[in-house]
Amino acid sequence: MSLDVSPQLLAEAENGAVREEDFIDTVRASLPYAYHLVARLTAELRGGSAEFADNQTPPPSEKERGQLLRALSSDAIRGSLERHFGVALAFQNCHRVAVFPPGARGGETHTRFTSTRAQILNQSPEFRDC
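Fair warning: this is a prediction, and the values are worked out from it, not measured in the lab.

Some remarks on the environment of Thr 111
Argument step 1. Along the chain, Thr 111 falls in helix α6 (residues 108-113).
Argument step 2. Accessibility expressed as a relative area gives 39% for Thr 111, which makes it partly exposed.
Argument step 3. Spatially, the C-alpha atoms of Thr 111 and Ala 90 are 9.8 Å apart, while their sequence positions differ by 21 residues.
Argument step 4. Looking at Thr 111, its side chain comes within polar contact range of the main-chain oxygen of Gly 106, at 3.2 Å.

Observations concerning the sheet that holds strand β3 (residues 97-100)
Argument step 1. Pairing in this open sheet of three strands is antiparallel, and the strands run β1-β3-β2 from one edge to the other. Since the sheet does not close on itself, it has two edges, and those belong to β1 (53-54) and β2 (88-91), each with one partner.
Argument step 2. Pairing of β1 with β3, which is carried by two bridges, proceeds in the antiparallel orientation. Bridge assignment links Ala 53 to a residue of β3, and that residue is Val 99.
Argument step 3. This element, helix α3 (residues 32-47), spans β1, β2 and β3 of the sheet and lies at about 45° to β3.

Some words on the environment of Leu 41
Argument step 1. Secondary-structure assignment places Leu 41 in helix α3.
Argument step 2. When its relative accessible area of 0% is taken as the criterion, Leu 41 is described as buried.
Argument step 3. Taking the C-alpha atoms as reference, Leu 41 lies 7.4 Å from Asn 55; in sequence the two are 14 residues apart.
Argument step 4. Once you skip the residues sitting within four places of it in the chain, Leu 41 turns out to touch Ala 53, Asp 54, Asn 55, Val 97 and Val 99.

Regarding the packing of α3 against helix α4 (residues 62-73)
Argument step 1. In contact at an axis separation of 7 Å, α3 and α4 are set at 70° when each is read in the N-to-C sense. By the angle between their axes, α3 is roughly perpendicular relative to α4. Note on element contacts: α4 touches α3 through Glu 64, Gln 67, Leu 68 and Ala 71, opposite Pro 32, Tyr 33, Ala 34 and Leu 37.
Argument step 2. Here the contact of α3 with α4 is built from residues that sort into six nonpolar, one polar and one charged.

Remarks on the pairing of β2
Remark: a regular strand shows side chains that alternate across the two faces of the sheet.
Argument step 1. One ladder, built from four bridges, connects β2 with β3; its direction is antiparallel. The residue bridging Ala 88 from the neighbouring strand is Phe 100, located in β3.
Argument step 2. Count of turn residues in the β2/β3 antiparallel hairpin: five residues.

Let's talk about the pattern of salt bridges
Argument step 1. Per the counting criterion, the structure on display carries nine salt bridges.
Argument step 2. A salt bridge links Asp 22 to Arg 19; the nearest nitrogen and oxygen atoms lie 3.0 Å apart.
Argument step 3. The network of salt bridges with shared partners includes Arg 19, Glu 21 and Asp 22.

Thresholds applied
Residues numbered from 1 in each chain as written. Predicted model: local features only at pLDDT ≥ 70, side-chain atom pairs only at ≥ 80, totals over all residues. Heavy atoms only, no water. Helix = DSSP H or I, 4+ residues; strand = E, 2+ residues; numbered from the N terminus. Buried < 20%, exposed > 50% of the residue type's maximum accessible area, 1.4 Å probe, protein only. Polar contact = N/O pair within 3.5 Å; in protein donor to acceptor, adjacent residues only side chain to side chain. Pairing = 2+ DSSP bridges. Contact = heavy atoms within 4.5 Å. Axes fitted to C-alpha atoms, helices over the stretch in contact; angles between N-to-C directions. Parallel < 35°, antiparallel > 145°, perpendicular 65-115°, else oblique. Nonpolar A, V, L, I, M, F, W, Y, C, P; charged D, E, K, R; others polar. Salt bridge = Lys/Arg side-chain N within 4 Å of Asp/Glu carboxyl O.

Below, the structure written as structure tokens:
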């Protein structure tokens with residue numbers, strides 16, 4: 001299961017629209033490694049002059065790797081993280097997440113990062129089973 005959904009959030013969903021803030025609170029509590037990684041990268045992006053900020057450090061355990069994979073493989077979670085932090089996310093392997101300014105999506109740097117060439121060049125045998 002990707003998220004630990006409270007009875008209150010489940011009731012909210014059963015009755016109609018879910019408030020984005022409530023969903024993000026659930027993501028933060030359920031997937032803390034992924035949430036805090038995106039928060040850290042967003043702070044790095046805003047505090048620097050680079051076109052994007054990315055993580056190249058593997059998660060400390062499979063538990064954290066699983067959180068990251070669940071967050072980025074769900075359109076709803078990924079989209080909520082992007083809206084909450086005001087960034088565009090890009091993902092290459094088991095841990096290489098990048099944040100870009102939203103307007104950079106489709107631009108030269110973002111396109112290069114998300115290209116098939118970049119994906120191939122960012123591979124190594126230790127990522128085979130991640």
